[in-house]
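Residue-level structure breakdown
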Amino acid sequence: MDLDVVNMLVIAGGTLAVPILAFVALFLLWPSALIKIYYWYWRRTLGMQVRYVQHEDYQFCYSFRGRPGHKPSILMLHGFSAHKDMWLSLVKFLPKNLHLVCVDMPGHEGTTRSSLDDLSIDGQVKRIHQFVECLKLNRKPFHLVGSSMGGSVAGVYAAYYPSDVCSLSLVCPAGLKYSSDNQFTQGLKEIQDLASAEKIPLIPTTPEEMSELLQLCSYVRFKVPHQILQGLVDVRIPHNSFYRKLFLEIVSEKSRYSLYENMDKIKVPTQVIWGKQDQVVNVSGADVLAKSIANCQVELLENCGHSVVMEKPRKTAKLIVDFLTSVHNLENNKKLD
Ligand SMILES: *[C@@H]1O[C@H](CO)[C@@H](O)[C@H](O)[C@H]1NC(C)=O
């Protein structure tokens, strides 16, 4: 009888111990493991699968859902220091019957990081083209989406490889020229004048700087617990030297105005989505694009900063789907003519 009670306690204790131990272990391994599990779970829920593809000795990592079909496939290019999973919040609101591909940009997450790699916007465009060829994604023209740095790459891609792309969504793209600097750009100039790349706001090294980055990128001011900020910055720190190198490359003379210099070569229907309160890349860039691209429609989002996809995922998804539908219908009409 006593033995039974002991046994019962042992079993009960054992059953409880597993989740408790797992939780403690996660906390100790916090945060990268927890963040990885979080994205793994989210991808699983949304039906996104991760794959790798090789071009010579270069590896691309991407996630996808669905298969190429009647409607154009959608390729999504993320921004500086982000990764393919930043699109998940948007994917959640996209129809299941679309073929979606989200790739890790050169040097980010699962895609090769090499000191020899050309990280200029031009270099990235060429890499993405290799990726597209590997996947044979351009068997039929696809819809290209890019945000921030990825927006600059997407626009230049459409200019360089016009037959690959059927339409384009640029979400607060970088790479344009402005008549006056915003606070962020002014700050950058000072950094460059000082020739010190230590204090770039997009490359936080402490929880406090991480908090400032979140404030800089989003419209809503939210208070994030210190522990979480620490976690968010901890997973970035091992990559900071790469981020510095990449950042200096994309703001260099060669890349800084890449989109601006190529936008007149964009001939496909283009949609520009921008948060009105973007503090990183000013919303007035939307006008610059609209004036230069013949078939361009602009969507400005109220109460939205630079992190458009994170802040307005539902709205952004709807805009992209509506845009695709309208472009698609136009094509149908042409066929009827
Ligand atoms: C940013 O864009 C807004 C809206 O076009 C404009 O009023 C403002 O002057 C711009 N700010 C800077 C610093 O260029």
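Residues numbered from 1 in each chain as written. Predicted model: local features only at pLDDT ≥ 70, side-chain atom pairs only at ≥ 80, totals over all residues. Heavy atoms only, no water.

In the annotation of an unreviewed UniProt entry, the entry for the protein reads Monoacylglycerol lipase ABHD6, and the organism field reads Phyllostomus discolor. Under the UniProt heading Sequence similarities (unreviewed entry), the entry covering the protein gives this text: "Belongs to the AB hydrolase superfamily." (UniProt positions renumbered as here; feature names shortened; annotations may be inferred.)

Near the ligand, the surroundings consist of Ser180, Asp181, Asn182, Asn282, Val283 and Ser284. Asn282 is positioned with one of its side-chain polar atoms (N or O) 2.4 Å from an oxygen atom of the ligand. Protein contacts shield 47% of the accessible area of the ligand, which totals 360 Å² for the unbound molecule. (Near = heavy atom within 4 Å. Polar contact = N/O pair within 3.5 Å; in protein donor to acceptor, adjacent residues only side chain to side chain. Areas by Shrake-Rupley, 256 points an atom, 1.4 Å probe, with all protein chains shown as cover.)

This brings us to unusual backbone geometry. Notably, Lys136 is not glycine yet its phi reads approximately 55°, a positive angle. Tracing the backbone shows Lys136 in the loop between helix 4 (121–135) and strand 5 (142–147). A positive phi angle, close to 50°, is found at Asn303, a residue other than glycine. The topology assignment puts Asn303 in the loop between strand 8 (296–301) and helix 13 (308–311). Judged by relative accessible area, Asn303 falls into the partly exposed class, the value being 38%. (Helix = DSSP H or I, 4+ residues; strand = E, 2+ residues; numbered from the N terminus. Buried < 20%, exposed > 50% of the residue type's maximum accessible area, 1.4 Å probe, protein only.)

All right, on to the pattern of salt bridges then. A full pass over the atoms with the stated rule returns 8 salt bridges. The shortest N-O distance in the salt bridge between Arg43 and Asp85 comes to 2.8 Å. Separated by 42 residues along the polypeptide, Arg43 in helix 2 (residues 32–46) and Asp85 in the loop between strand 3 (74–77) and helix 3 (88–91) bring together distant segments of the chain. Classification of Arg43 as buried rests on a relative accessible area of 14%. Asp85 gets classed as buried once you look at its relative accessible area, which sits at 2%. We note a salt bridge from Asp118 to Lys254, for which the minimum N-O separation is 3.8 Å. Placement of Asp118 in the loop between strand 4 (100–103) and helix 4 and of Lys254 in helix 10 (residues 253–256) is noted, with a sequence separation of 136 residues between them. The class for Lys254 is partly exposed, based on a relative accessible area of 47%. Salt bridges here are not isolated pairs; linked through shared partners, they connect Lys84, Asp104 and Glu109. (Salt bridge = Lys/Arg side-chain N within 4 Å of Asp/Glu carboxyl O.)

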